[in-house]
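# Reading the structure
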Amino acid sequence: MAEERLRIAIQKSGRLSDGSFELLKSCGLKVSRGRDKLYGRVQEMPIDVLLLRDDDIPAFVADNACDIGIVGQNVFEEELLSETHEAPAEEVMQLGFARCRLLLAAPKEWNFDGANDLASKRIATSYPALTKAWLEREGVEAKVVMMKGSVEVAPRLKIADAVCDIVSTGATLDANGLKPVATVFDSEAILIRNAEKFSAEKQAIFDALIKRINGVLRSKDAKYIMMNAPRSAVEAITEFLPGADAPTVLELAGNPDKVAIHAVCRESVFWDTLEELKKLGASAILVLPIEKMMP
Ligand code: ATP
Ligand code: ZN
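Residues numbered from 1 in each chain as written. Chains lettered and ligands numbered in written order. Predicted model: local features only at pLDDT ≥ 70, side-chain atom pairs only at ≥ 80, totals over all residues. Heavy atoms only, no water.

## A closer look at the packing of aromatic side chains
Applying the stated rule across the entire model yields two aromatic pairs. Note on tryptophan 110 and phenylalanine 112: the rings are 5.3 Å apart at their centroids and 70° apart in plane angle, and the pair reads as edge-to-face. Taken as a pair, tryptophan 110 and phenylalanine 112 share a single burial class, namely buried. Considering the side-chain rings of phenylalanine 198 and phenylalanine 206, the 5.4 Å spacing of their centres and the 70° angle between planes classify their relative orientation as edge-to-face. (Phe/Tyr/Trp six-rings, centres within 6.5 Å; stacked < 30°, edge-to-face > 60°. Buried < 20%, exposed > 50% of the residue type's maximum accessible area, 1.4 Å probe, protein only.)

## Regarding the layout of surface pockets
Estimates place the volume of the largest pocket at around 1,200 Å³. Lining the largest pocket are 36 residues, and of these Asp54, Asn74, Val75, Tyr127 and Ile166 lie nearest its centre. No other element matches the four residues that helix H3 (residues 73–81) contributes to the lining of the largest pocket. Broken down by class, the residue content of the lining of the largest pocket amounts to twelve nonpolar, 13 polar and eleven charged. A domain-level breakdown of the lining of the largest pocket finds at least three residues from each of domain 1 (6–98 + 189–219) and domain 2 (100–186). Counted as a void, the second largest pocket has a volume near 160 Å³. Lining the second largest pocket are 13 residues; nearest its centre among them are Glu22, Leu23, Ser26, Val216 and Lys220. (1 Å grid on protein atoms, 1.4 Å probe; cavity = no way out; pocket = protein on both sides within 12 Å on 5 of 7 lines; lining within 4 Å. Points joined across faces, edges and corners; volume = space filled by probe spheres on them. Helix = DSSP H or I, 4+ residues; strand = E, 2+ residues; numbered from the N terminus. Nonpolar A, V, L, I, M, F, W, Y, C, P; charged D, E, K, R; others polar. Domains from an automatic or database assignment.)

## Observations concerning the nonpolar core
In terms of nonpolar packing, the biggest core is built from 32 residues, with Leu118, Trp134 and Ile192 touching the most fellow members. For this core, the secondary structure elements donating two or more residues are strand S4 (47–52), helix H2 (57–62), H3, strand S7 (100–107), helix H4 (128–138), strand S10 (162–167), strand S11 (178–187) and strand S12 (189–193). Here this core gathers at least three residues from each of two domains, domain 1 (6–98 + 189–219) and domain 2 (100–186). The residues touching tryptophan 134, leaving out its near neighbours within four places in the chain, are Leu104, Ala115, Leu118, Ala182, Thr183 and Val184. Leu51, Leu95, Ala189 and Leu191 belong to the second largest nonpolar core, which has 29 residues in total. (Core = buried A, V, L, I, M, F, W, Y, C linked by side-chain atoms within 4.5 Å. Contact = heavy atoms within 4.5 Å.)

## Topic: the sheet that holds strand S14 (residues 248–252)
With antiparallel pairing, four strands are arranged side by side in an open sheet as S14-S15-S13-S16. A single partner strand is all that each edge strand has here, and the edge strands are S14 and strand S16 (283–289). In this sheet, neighbouring strand axes are inclined to one another by 20° on average, regardless of whether the strands run parallel or antiparallel. Contacts from helix H8 (residues 271–279) reach strand S13 (223–230) and S16 within the one sheet, and its direction differs from that of S16 by about 150°. (Pairing = 2+ DSSP bridges. Axes fitted to C-alpha atoms, helices over the stretch in contact; angles between N-to-C directions.)

## Considerations on unusual backbone geometry
For asparagine 64, which is not glycine, the phi dihedral falls at a positive 75°. Residue position: asparagine 64 is located in the loop between H2 and strand S5 (68–72).

## What about the sheet that holds strand S9 (residues 143–146)?
Across the sheet, five strands lie side by side as S9-S8-S10-S7-S11; this open sheet has mixed pairing. Each having just a single partner strand, S9 and S11 make up the two edges of the open sheet. Strand-to-strand twist in this sheet, taken as the mean axis angle between neighbours without regard to direction, amounts to 25°. Sheet contacts for H3: S10 and S11; angle to S11, the most-contacted strand, approximately 75°. In the packing of H4 onto the sheet, contacts are made with S7, strand S8 (122–125), S9, S10 and S11, and the angle to S11 comes to roughly 100°.

## Things to note about the pairing of S7
When you tally the buried positions in S7, you get seven out of eight residues, the bulk of the element. Of the pairings in the sheet, the one linking S7 to S11 comprises eight bridges and is antiparallel in character. Looking at S11, one finds that leucine 102 is bridged to phenylalanine 185.

## Description of the coordination of the zinc ion (ligand 2)
Here the zinc ion (ligand 2) is held by Asp54 (OD) and Asp55 (OD), and the distances to it run 1.9 to 2.1 Å. Viewed at the metal, the four donor atoms of the zinc ion (ligand 2) are separated by angles of 75 to 172°, and the geometry they form is irregular. Owing to a relative accessible area of 40%, aspartate 55 belongs among the partly exposed residues under this scheme. (Donors = N, O, S within 2.8 Å, 3.2 Å for Na, K, Ca; no water. Tetrahedral: all angles 85-135°; square planar, octahedral: opposite > 155°, others 65-115°.)

## Here we look at the pattern of salt bridges
Within the structure shown, the criterion is met by 14 salt bridges. Note that lysine 202 is salt-bridged to glutamate 4, the shortest N-O span being 3.7 Å. Of this pair, lysine 202 sits in helix H6 (residues 200–220) while glutamate 4 is found in the segment before strand S1 (6–11), placing the two residues 198 residues apart along the sequence. Lysine 202 gets classed as buried once you look at its relative accessible area, which sits at 11%. Between lysine 292 and glutamate 291 there is a salt bridge, and its shortest N-O distance comes to 3.1 Å. Per residue, the accessibility class of lysine 292 equals that of glutamate 291, and both read exposed. Connected through salt bridges with shared partners, the residues Glu3, Arg5, Arg41 and Asp48 form a single ionic network. (Salt bridge = Lys/Arg side-chain N within 4 Å of Asp/Glu carboxyl O.)

Laid out in structure tokens, this is it:
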């Protein structure tokens, strides 16, 4: 019998693809991908990669053409809200990249004073379901105009009064004379899976992959931090270290009052952090990157 392989769908090219390839690479999986190819194969684990347009990923996973996929939460939620599949795909976890927002934006000269101002107005968007759900939550009745792209030009063309669009920096809005007035949805890349039970063999591959992804996400902001400090400062320093478990405390040769403290910090270590540590009595502070971590 042929070996079972887990099929993962990722975006072929676009704002999700670098992050997706990067994540697989950090998991130790090299995808051999030919140009314009639909398939990529992984050597290190029994995994096949399908390269698709992001909008097709939720349906491919729901319909069992793929087992799992990486897609923007915005696209996935939009699909769920306007669902046509009997058993939609399920969200497994957030992946921490491709962060963006679905924002409601209005022309700068509009003296916008809250959601009620949108009553009877026209809103252009590529995300009609998410936009309508938000309007409903706000208790406002407005007309939602579906546009596939270039949503931000709609007000200038008088197609709509406002827009609801994906934004990461806001530069595009600004260039089109628009200003954000409300956040409709916060998004990042997520892992989704088919809702049916996997075979035991597939489940084992899935579990191994999830374990690796968790290891990668955990080590992302994590740093290994080392310093010397007076023994009397150990407690205060331990308490202060961002997201650290119990640190290792080592005696310094020939100096019974001083110790070396080593710890894994799971949250970002900033210059402020180091200055604070110095104030608490630490010296010779070293911060090192962590490449991989497995509990
Ligand atoms: P495709 O050709 O695969 O259909 P696309 O043009 O629809 O691609 P992209 O612009 O590549 O899609 O965006 C894919 C996803 O990346 C978005 O759905 C969103 O989740 C995320 N994203 C992150 N930042 C941004 C941004 N600044 N603008 C748009 N999408 C962003
Ligand atoms: Zn798309």
